[in-house]
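Residues per chain, in single letters:
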Amino acid sequence: MAARPRVMIVGGGLAGLAAAMKLAELEVDVDLMSLTPVKRSHSVCAQGGINSVNDQTRQLGDDEWKHFDDTVYGGDFLQHQPPVKEMAYWAPPVIDLMDRLGVTFNRTPEGFLDRRRFGGTLYKRTAFAGATTGQQLLYALDEQVRRWEVAGRIRKFEFWDFLAPILDEQGRCRGCVAQDLVTMEIRSFPADFVVLATGGCGLIFGRSTMSMVCTGSAVSRCFQAGAKYGNGEFVQVHPTAIPGADKLRLMSESARGEGGRVWVPRKPHDSRDPRQIPEEERYYFLEERYPEYGNLVPRDIATREIFSVCVQEGLSVDPDRQAVYLDLTHIPRAELDRKLGGILEIYEKFQGVDPRDVPMKIFPAVHYSMGGLWVDYERTADGGLVPAHPKNQATSIPGLYAIGECDYQYHGANRLGANSLLSCIFSGLFVAPGLADQLENLTGGVASELPAGLFESARRREEERHAELLSRDGGGENPYLLHQQLGDIMTRTATVVRHNDQLAEAIEQVLELRDRADRCALSDTGNWTNQNVVFTKSLQDMFPIALTILRGALMRDECRGAHYKPEFELPGLTSDDPAERRRQAEQWVDAFVEKNRKWLKSTIACWNADRRDIDISYEDVDTSLIPPRPRLYGLVGAETIEEVWRERQQAMAEPTGEAAGAPAGT
Amino acid sequence: MAEPQSKPASIDSFEVRILRQEAPGRASYWERHRVDYEPQMNVISVLQKIAAKATTIDGRSVTPVAWDCNCLEEICGACTMVINGRVRQACSALVDNLLQQEDPNEIRLEPMSKFPVVRDLMVDRSRLFRALEKARAWVPVDGYYELGPGPRVSPEVQEQAYPLSKCMSCGCCLEACPQYTKVELTRLSGETDEEFQQRKRATYDQSFIGAHAISQIMLFNMHPTGKHEAAARLDQLTAPGGIQICGNAQNCVAVCPKEIPLTTSIARAGRATTAHVIKKWFDR
Ligand SMILES: Cc1cc2nc3c(=O)[nH]c(=O)nc-3n(C[C@H](O)[C@H](O)[C@H](O)COP(=O)(O)OP(=O)(O)OC[C@H]3O[C@@H](n4cnc5c(N)ncnc54)[C@H](O)[C@@H]3O)c2cc1C
Ligand code: SF4
Ligand code: SF4
Ligand code: FES
């Protein structure tokens, strides 16, 4: 019997598991590889929930198109619109499916799914399971994958590290090389398609809200093998995290969604117990500055406001570190326990204080990588995606696909809360039929029957890298300390506020660290469960992505979503004189149109192996469905600008020619 | 509620004693490290410091200690180990509490004893995942096409199911259980990977399935669709390694970090299996 084709999925978070289970249903044999047992993947950390339009929001005027609109608006229009549209329309069935799989979503008294409101929307779209939505969703998929494993359709390789894709002479991906973290065996895995689902890269910033395996190593290895990387500089900083020595633990947005209020004492460093500070001496700065959205402004805005209240205005609640209050104490305990139990336990567990009694102290932390491997799609005439098309989720390396947080496709310049779990499950389910179809008509034979030389030499390359590291003399650089230094530089220069001089300096420092990382010496040179060498490799592979983030940020001279450079901010209107104000608004809109002409582009990074650095180019964004419009949250003069903008849109709607804000490219 | 933390009186460093083992089948030994005190450390940050320094208390260079972790939020279950004699997650074990409430002088770290040691504090918990296969711990849906929403569930049922579904397969309940004994196999010469895995699974299946899987069985037997396979799951509970082994010592429920009502699950499973056996007997 001829060998059957196989698909290798690297990563068993929501995206990888969804793809594995869907492929198994389509009778495709799957290998599933992960650094950790898949049930322990980073997706378990997600707390808040997952978005979709639902019967209730529909009756309040919501629909898929509005979910789509909120997503691209929240992303500052940097996403190609067809994939986002497709995702929004898939969201209700995705949640139905997860419901059928047994996810213990919270219920209404009548037994329907309960919903909450998340930032960046006015509708209650978010389904949730206590405060452990990610864990519950992941377990449901993990269980289905286990079912297929028992049926013999899926093989798991847990505690394996993906080292490199294997490319044949034509540059098509034919499998991957990986290393067993226990025995340290390095092996080639022939595969007809490889799907990367390896999540985010928060560890490049040292500490973040992400899990310890989120180093971006697998993505970096594909990047160094030639895959394009998109929008690297867009890194979401979550407004509310609990600062800790080993990790910055997230305080979910749902704390604000359920009525949490952010404030600082009006008096700097007021040393009174927060509960003793009367209302009128509290500065609820989000509510005052953004009356419509209040505490639920989108993440980038909340982050910047908290940052500036502490850093610029000196109103931190703590004299020796930066923090603001996130206050839930006005909400009844029983309600808090029911809706937020899990996340409040985290605070209590790691801070030793009960947030039901005492306002929490929080500060922003790196949280999500909007950037990731560039992937393709095939558009339908009405702006959706062609189902089962081979181009959907395909990276620039033929045969290599990417899904979940490690692709760049769905969140543009900023991700809306509770949209990521959706994009992970959606992209996992959506990629499967295209792969299954292609396996039916594979040209050039099944990978496992290709000449062994291809796989041998790929394996040997990795064995050499490994052996070389182990054979280093002592006295070299310490990888753990270098990681700390990298994290400090990245956090200081490439998070909430960015300045060109600091970015340029950071690039020099990171290049120097990269060279020092080449000289790492190991404190463990053994060949059994050597975590030291595994970490060192992942550290070395952080540099290409770190450079992608820094160079992308340095070159992008504008503000967009999570990328904020004060020097290039379009200032609010200053004049009180109506005519002058109007003129300023016109200018503002001109500047906005010009900014989009120049910068409404995906940043595309390619690895330059000779220089061991990156090359950057730009691609047009498909904004053909929803024309980009300014985000005017809290800007002085927003109404006047809005007015000018609307007039111009109307003028443009007259059929003659191209005008301001028209789609940039296809 | 945990006490607000404060620095234990006049401490600027403390000792950590770790039970190390280089590989399966090798002898284990204690190793002592001294770690500088910092406020708000947990055992993970202690291990990170030890890894970065890789030097013992008497100045000897050693290999870094191997341990497992991922989320650092006590939600993935990876970092489970025995800390000062008690099985728990290293990420949520705060140094201040350990020094103040347990032993002011040192912190002792050991691998779980019911699972084979891979290296140092890392153990092989594959038996625990095998038990989930045996338990058929999944909802047997028709497939993943669009088939509308799931069954309507009352909040009462959700509130009963949700705690059980928070089980993170950490294994604390198994470590504490007197009836759960270690199964450690070594690969025979000439045995292939697959054959070895096969033999492992078969041996695991004969041994006690454990509280965590029993509780999962009750979770899926409660679900409106999961119920359809209830009988097959109860069969597993009456098979060798099933619920009859449980001596009702109740240690499991006391150590579960997620406060899962394991003994309630076990009691319900006991009643369900009895009814199931009688029914089968009558149906013969
Ligand atoms: C604290 C927190 C809370 C969040 N809350 C929400 C929320 O409420 N709603 C929402 O929509 N989103 C939320 N997010 C975002 C969301 O959780 C993630 O984007 C999502 O879970 C990513 O899933 P994934 O499948 O892409 O990858 P992951 O779950 O990160 O899984 C990655 C997988 O890849 C494997 N892997 C990685 N590198 C390698 C390698 N080199 N070799 C082999 N395997 C490898 C890992 O082992 C793992 O199995 C949150 C994120 C954080 C950090
Ligand atoms: S009640 Fe049963 S499962 Fe729990 S510890 Fe005792 S013997 Fe073990
Ligand atoms: S039942 Fe509790 S102790 Fe046992 S594995 Fe699950 S979470 Fe851990
Ligand atoms: S690291 Fe996940 S439970 Fe401790």
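Residues numbered from 1 in each chain as written. Chains lettered and ligands numbered in written order. Predicted model: local features only at pLDDT ≥ 70, side-chain atom pairs only at ≥ 80, totals over all residues. Heavy atoms only, no water.

Let us now look at the overall build of chain B. Along chain B, the regular secondary structure elements total 10 helices and 7 strands. A principal-axis box enclosing the C-alpha atoms of chain B has dimensions of 70 × 55 × 40 Å. Buried residues in chain B amount to 56% of all 284 residues. Nonlocal contacts in chain B, meaning residues at least 24 apart in sequence, comprise 67% of its contacts between residues at least 6 apart. Accessible surface for chain B amounts to roughly 12,300 Å². Of this, 50% is attributable to carbon and sulfur atoms. Charge separation in chain B, taken as the distance between the mean sites of 34 positive and 34 negative side-chain charges, equals 5 Å. (Helix = DSSP H or I, 4+ residues; strand = E, 2+ residues; numbered from the N terminus. Buried < 20%, exposed > 50% of the residue type's maximum accessible area, 1.4 Å probe, protein only. Contact = heavy atoms within 4.5 Å. Areas by Shrake-Rupley, 256 points an atom, 1.4 Å probe, with all protein chains shown as cover. Lys, Arg positive; Asp, Glu negative; His and termini not counted. Charge placed at Lys NZ, Arg CZ, Asp CG, Glu CD.)

On to the interface of chain B and chain A. Taken residue by residue, the interface counts 75 residues in chain B and 75 residues in chain A. Between chain B and chain A lies a buried interface of about 6,200 Å² when both sides are counted; carbon and sulfur atoms form 53% of it. If you sort the residues of chain B by the area they bury against chain A, Asn70, Glu73 and Tyr144 of chain B come out on top, with a joint share of 14%. On inspection of chain B and its partner chain A, the count reaches 5 salt bridges. For the side of chain B that touches chain A, the secondary-structure elements that each account for two or more residues are helix H1 (43-53), strand S6 (117-119), helix H3 (126-134) and helix H4 (155-165) of chain B. Tallied by class, the residues present in the side of chain B that touches chain A amount to 44 nonpolar, 17 polar and 14 charged. (Buried area = accessible area lost by both parts, 1.4 Å probe. Salt bridge = Lys/Arg side-chain N within 4 Å of Asp/Glu carboxyl O. Nonpolar A, V, L, I, M, F, W, Y, C, P; charged D, E, K, R; others polar.)

Quick look at the packing of helix H17 (residues 578-599) of chain A against helix H18 (residues 638-653) of chain A now. All names here are of chain A. Viewed as axis vectors pointing N to C, H17 and H18 meet at an angle of 60°, and their least axial separation amounts to 9 Å. As H17 packs across H18, the resulting crossing turns out to be right-handed. Listed contacts from H18 to Arg581, Arg582, Ala585, Glu586, Trp588, Val589, Asp590, Phe592 and Val593 of H17 are Thr640, Ile641, Glu643, Val644, Trp645, Glu647 and Arg648. (Axes fitted to C-alpha atoms, helices over the stretch in contact; angles between N-to-C directions. Left-handed = near helix turned anticlockwise from the far one by under 90°.)

Moving on, we come to the site of ligand 3. Within the structure, ligand 3 sits among Cys167, Met168, Ser169, Cys170, Gly171, Cys172, Cys173, His212, Cys256, Pro257, Ile260 and Leu262 of chain B. When the residues that make up the shell around ligand 3 are grouped by side-chain class, the tally is 9 nonpolar, 3 polar and no charged. (Near = heavy atom within 4 Å.)

Let us look at the domain arrangement of chain A. Residues and elements named next belong to chain A. By the assigned domains, chain A splits into domain 1 (6-234 + 370-461), domain 2 (238-363) and domain 3 (468-603 + 629-651). Of note, the centres of domain 2 and domain 3, computed from C-alpha atoms alone, are 25 Å apart. Taken together, the contacts link 9 residues of domain 2 with 8 residues of domain 3. With both sides pooled, the region where domain 2 packs onto domain 3 buries about 750 Å², and carbon together with sulfur makes up 72% of that total. Counting the surface domain 2 buries against domain 3, the share from its top three residues, Asp300, Arg304 and Phe307, is 53%. Here domain 2 and domain 3 share 0 salt bridges between them. Linking domain 2 with domain 3 are 0 residue pairs in polar contact (both at pLDDT 80 or more). Examining the composition of the side of domain 2 that touches domain 3, we find that 5 residues originate from one element, helix H9 (residues 299-311), more than from any other. In terms of residue class, the side of domain 2 that touches domain 3 is built from 5 nonpolar, 1 polar and 3 charged. (Domains from an automatic or database assignment. Polar contact = N/O pair within 3.5 Å; in protein donor to acceptor, adjacent residues only side chain to side chain.)

Residues and elements named next belong to chain A. Around ligand 1, the structure places 37 residues, and the nearest of them are Ser41, Ser43, Glu405, Ser420 and Leu421. With respect to ligand 1, the side chain of aspartate 161 contributes an N or O atom lying 2.9 Å from a nitrogen atom. The separation between an oxygen atom of ligand 1 and a polar main-chain atom of asparagine 419 is 3.5 Å. Among the residues forming the shell around ligand 1, the class breakdown is 15 nonpolar, 19 polar and 3 charged.

Below, the discussion takes up the domain arrangement of chain B. Residues and elements named next belong to chain B. Along its sequence, chain B is carved into domain 1 (13-119) and domain 2 (125-282). Placing the centre of domain 1 and that of domain 2 at their C-alpha centroids yields a distance of 30 Å. Facing the 18 residues of domain 1 at the interface are 17 residues of domain 2. Interface area for domain 1 against domain 2, summed over the two sides, is near 1,500 Å², with a carbon-plus-sulfur share of 56%. Contact with domain 2 buries area across many residues of domain 1, yet Val87, Lys114 and Phe115 alone supply 44% of it, more than any other trio. There are 2 salt bridges connecting domain 1 and domain 2. In this structure, the salt-bridge partner of lysine 258 is glutamate 74, at a minimum N-O distance of 3.4 Å. Every element with two or more residues in the side of domain 1 that touches domain 2 is listed here: strand S3 (80-83) and strand S4 (86-89). Of the residues forming the side of domain 1 that touches domain 2, the biggest block, 3 residues, is contributed by S4.

What follows deals with the nonpolar core. Buried together is how nonpolar side chains tend to be arranged in soluble globular proteins. By size, the foremost hydrophobic cluster in this structure holds 152 residues, and its most contacted members are Leu196 and Met490 of chain A together with Phe14 and Leu109 of chain B. With sequence-adjacent residues up to four places away left out, methionine 490 of chain A is seen in contact with Ile204, Phe205, Thr495, Val510, Ala546, Ile549 and Leu550 of chain A. Core analysis: the next-biggest nonpolar cluster, separate from the first, contains 107 residues, Ile9 and Ala197 of chain A together with Tyr144 and Tyr162 of chain B among them. (Core = buried A, V, L, I, M, F, W, Y, C linked by side-chain atoms within 4.5 Å.)

Turning our eyes to something else, we now look at the packing of aromatic side chains. Residue and element names in this part refer to chain A. Throughout the structure, instances matching the rule amount to 23 aromatic pairs over all chains. Seen from their ring centres, tryptophan 599 and tyrosine 618 are 5.5 Å apart, and the 80° between their planes marks the pair as edge-to-face. In this pair, tryptophan 599 is assigned in helix H17 and tyrosine 618 in strand S21 (residues 613-620), connecting sequence segments 19 residues apart. With a relative accessible area of 10%, tryptophan 599 lands in the buried category. By relative accessible area, which is 28% here, tyrosine 618 ends up partly exposed. A cation over an aromatic ring shows up here: arginine 249 above the ring of phenylalanine 350, its NZ or CZ 3.9 Å from the ring centre. (Phe/Tyr/Trp six-rings, centres within 6.5 Å; stacked < 30°, edge-to-face > 60°. Lys NZ or Arg CZ within 6 Å of the ring centre and 35° of its normal.)

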